[in-house]
Amino acid sequence: MNRVMNSFQHATTGHRAAFLVMAVLLLQACTMGGQMLKEADSSSIIADNEIIVVGTIELIPALGKEEQELSPSGVIDLAGYGGMNRNRAMIQFNNQPEASNYKFLINPKLDEMFFFKIPADLKYVVDGRVIVELGRRGAVSEILLPTGLKIDARPGDKAVYIGNLKYTRDDFNSITGVKLTDEYKSAVRQFRTRFGGKYKLRKAIVKPIPPRSG
């Protein structure tokens, strides 16, 4: 009987561990098939096929301290996915106007100027969201941010300022308004503080992607 019980306990423990691993894999699947791009700092080297995008994503009203639930019960978040979304947005870039299966993502802090290094051909902002709640199978609740924007990047650019996107939400976390403001002077000051005179920041405010004809 003891052998049977020990075998049963061992199997139960094994299944529990397998479940936790599976839960982690499912959680990580939110960013599989894509690449999380890194924020740039003073030590970053910008290759010929890269640019730094500078801007701000603002949520109005801002997220409350207890508003996000990013630590689902029974999940070991080895990849730190919860922390990657804490008071942050997920913004997807692409080299075409539509989203694709392979994602290039940045996760800027909300309400703070961001400086991310991206491939220069990713001129389209095709998706945006703020994860409010994570479950065992990934995001349960999200705030979807309207995007459909194009960056006015030009050959030779090393850094571009794309503007400050302000998203107003209602009590149901639906976006009720979007406002784009130009805070280029502030961006230049923060850019110089971070990078010195290493690169020049050009204003390249995003514009709505025009609808396709036909």
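Residues numbered from 1 in each chain as written. Predicted model: local features only at pLDDT ≥ 70, side-chain atom pairs only at ≥ 80, totals over all residues. Heavy atoms only, no water.

Engineer: Where do I start with the overall build of the protein in this structure?
Structural biologist: Each helix and strand counted, the protein has three helices and 12 strands in total. By residue count, 37% of the 214 residues in the protein fall in the buried class. Contacts in the protein between residues far apart in sequence, at least 24 positions, make up 71% of those at least 6 positions apart. Only carbon and sulfur atoms are counted for the fraction: they give 53% of the accessible area of the protein, which is about 12400 Å². (Helix = DSSP H or I, 4+ residues; strand = E, 2+ residues; numbered from the N terminus. Buried < 20%, exposed > 50% of the residue type's maximum accessible area, 1.4 Å probe, protein only. Contact = heavy atoms within 4.5 Å. Areas by Shrake-Rupley, 256 points an atom, 1.4 Å probe, with all protein chains shown as cover.)

Engineer: Teacher, can you tell me more about the confidence of the model for the protein here?
Structural biologist: Parts of the prediction with low pLDDT should not have their coordinates interpreted in detail. In this model, the protein carries an average pLDDT of 84, and 79% of its residues clear a pLDDT of 70 or more. Mean pLDDT values over the elements of the protein span from 44, in helix α1 (residues 2–28), up to 98, in strand β9 (residues 159–169). Across residues 1–30, where pLDDT falls below 50, the model places 24 contacts with residues more than four positions away in sequence or in other chains. (pLDDT = per-residue confidence, 0-100.)

Engineer: Mind showing me how you'd approach the nonpolar core here?
Structural biologist: Generally speaking, soluble globular proteins have nonpolar side chains that are buried together. Val53, Ile57, Phe93, Leu145 and Ile151 are the most contacted members of the largest nonpolar core, which totals 30 residues. Taken together, the elements giving at least two residues each to this core come down to β2 (50–60), β3 (90–94), β4 (103–106), β5 (114–119), β6 (124–135) and β9. Once you skip the residues sitting within four places of it in the chain, Val53 turns out to touch Phe93, Phe114, Phe115, Phe116, Ile118, Ile151 and Val160. (Core = buried A, V, L, I, M, F, W, Y, C linked by side-chain atoms within 4.5 Å.)

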